[in-house]
Amino acid sequence: MKNVYIPNIVTISEIREETPDIKTFKLIFKDKEAQRNFNYKPGQFIELSVFGYGEAPFSISSSPNQQNFFEITVKRVGDVTNALFKLNEGNAVGVRGPFGNGFPTHKFENKNILFIGGGIGLAPLRSLINFILSNREKYSELTLMYGARTPKDIVFKKEIETWKKHVDVHLTVDVGDETWKGTVGVVTVLFREIEVNPKNTVAVMCGPPIMMHFVTKELLKLGFPEDQIFLSLERLMKCGIGICGHCNIGRKYVCKHGPVFTYKETKDFLETAI
Ligand SMILES: Cc1cc2nc3c(=O)[nH]c(=O)nc-3n(C[C@H](O)[C@H](O)[C@H](O)COP(=O)(O)OP(=O)(O)OC[C@H]3O[C@@H](n4cnc5c(N)ncnc54)[C@H](O)[C@@H]3O)c2cc1C
Ligand code: FES
């Protein structure tokens, strides 16, 4: 039996700088069969190891429609991410996964989708948005609300421009600068700019806990049913596969039962979850 803790080896084939402290890494399995067998859903994550430094979970930020590679988008915060940022194209890292449930895209079909992202939280939503755009006819109106700290902290800038052809995009920054002509304020201010019909709309969000807390409150006020609000949660993780117990919230393991939950599923322990 294969040891579930032994990673596959992948090569970093491209590194793109998104912001001063966020980079997107394009990864390709060394073993061609492992690459072919790497099937994932938007919203799933991998455990990435930088040899000699450790392992950490990252959402897959590319769409499953890309079959010859996959991407992660990483913010430099600590040991593993600092070590990853020192690597170059051509270097190897370890990958376990994909793990987690991912977004239930079949439940989004024929519905309007309101994507709400904060900071690096746009990474799993990018996977979902690109997946949905490549199956556009199955979904109704698409709206994105995205907030970053400053204009320099906005990720996927070029791609957001291309999304604008199909997605009603609304951006905000906490603090503007001389280049910024758009909205200033936390992401909830964008509710003033959009019109949503909660009856046929699902809301899908990922971002800092405080953002998800206030966005959820606003969605409930607008009349969104509790099972139409989807949150992608983060927790400290080790195994990623429901064994070690590091990531539990209430009776759920975020790595195995999540990271995507409906508000209905999480509301009993919401104060600790978001
Ligand atoms: C499902 C999932 C998906 C994720 N997706 C992404 C993604 O797409 N992109 C991304 O950039 N990140 C993502 N993360 C977050 C990422 O896994 C963490 O930031 C990870 O800790 C980075 O590892 P590190 O070794 O670089 O940082 P660490 O050394 O673990 O430090 C991370 C931060 O946490 C603090 N910290 C560390 N240990 C403790 C502690 N014991 N108590 C309090 N604070 C502590 C550090 O000071 C630092 O600010 C995801 C997490 C989960 C669970
Ligand atoms: S990370 Fe080990 S149980 Fe979730």
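Scroll up for the structure.
The structure presented is a predicted model; accordingly, all values stated were derived computationally and were not measured.

**Side note on helix α3 (residues 122-133)**
Turn by turn, an α-helix covers 3.6 residues, leaving residues three or four places apart pointing in a common direction. Counted at 1.5 Å a residue, the expected span for α3 with its 12 residues is 16 Å, and the 16 Å between its end C-alpha atoms agrees. With respect to burial, α3 is a largely interior element, 11 of its 12 residues being buried. Those residues of α3 that sit buried are L122, A123, P124, L125, R126, S127, L128, I129, N130, F131 and I132.

**Section: the sheet that holds strand β3 (residues 45-50)**
Within a beta sheet, neighbouring strands are joined by backbone hydrogen bonds and run either parallel or antiparallel to one another. An order of β4-β3-β6-β1-β2-β5 is seen for the six strands of this open sheet, with the pairing classed as antiparallel. What marks the edges here is a single partner per strand, and that holds for β4 (54-59) and β5 (70-75). Between one strand axis and the next, the sheet turns through 40 degrees on average, direction left out of account. Pairing of β3 with strand β6 (residues 92-99) involves four bridges; the strand directions are antiparallel. The residue of β6 that forms the bridge with F45 is F99.

**So, the site of ligand 1**
Inspection of the region around ligand 1 gives 18 residues, with P57, T73, K75, V80 and T81 positioned closest. A distance of 2.6 Å separates an oxygen atom of ligand 1 from a polar backbone atom of P57. The contact in question runs from an oxygen atom of ligand 1 to an N or O atom on the backbone of K75, over 2.7 Å. Surface burial for ligand 1 is 61%, taken as the share of its 960 Å² of free accessible area covered by protein chains. Contributions of two or more residues to the shell around ligand 1 are made by β4, β5 and α2 (79-85). When residues in the shell around ligand 1 are grouped by element, the largest group, four residues, is from β4. A breakdown of the residues in the shell around ligand 1 according to their chemical character gives 10 nonpolar, four polar and four charged.

**Description of the pattern of salt bridges**
Under the defined criterion, the tally for this structure stands at 11 salt bridges. Among the salt bridges present, the one from K26 reaches E14, with a minimum N-O distance of 3.8 Å. Residue K26 is located in strand β2 (residues 22-29), and its partner E14 is located in strand β1 (residues 8-19); the two are separated by 12 residues in the primary sequence. Taking relative accessible area as the criterion, K26 reaches 19% and is therefore assigned buried. Linking E71 and R126 is a salt bridge whose minimum nitrogen-to-oxygen distance equals 2.9 Å. Taken together, the positions of E71 in strand β5 and R126 in helix α3 put the pair 55 residues apart, joining distant regions of the chain. In terms of burial, E71 and R126 fall into one category: buried. Linked by salt bridges that have partners in common, E14, R16, K26, E71, R126 and E159 make up one network.

Thresholds applied
- Residues numbered from 1 in each chain as written.
- Chains lettered and ligands numbered in written order.
- Predicted model: local features only at pLDDT ≥ 70, side-chain atom pairs only at ≥ 80, totals over all residues.
- Heavy atoms only, no water.
- Helix = DSSP H or I, 4+ residues; strand = E, 2+ residues; numbered from the N terminus.
- Expected span 1.5 Å × (residues − 1).
- Buried < 20%, exposed > 50% of the residue type's maximum accessible area, 1.4 Å probe, protein only.
- Pairing = 2+ DSSP bridges.
- Axes fitted to C-alpha atoms, helices over the stretch in contact; angles between N-to-C directions.
- Near = heavy atom within 4 Å.
- Polar contact = N/O pair within 3.5 Å; in protein donor to acceptor, adjacent residues only side chain to side chain.
- Areas by Shrake-Rupley, 256 points an atom, 1.4 Å probe, with all protein chains shown as cover.
- Nonpolar A, V, L, I, M, F, W, Y, C, P; charged D, E, K, R; others polar.
- Salt bridge = Lys/Arg side-chain N within 4 Å of Asp/Glu carboxyl O.

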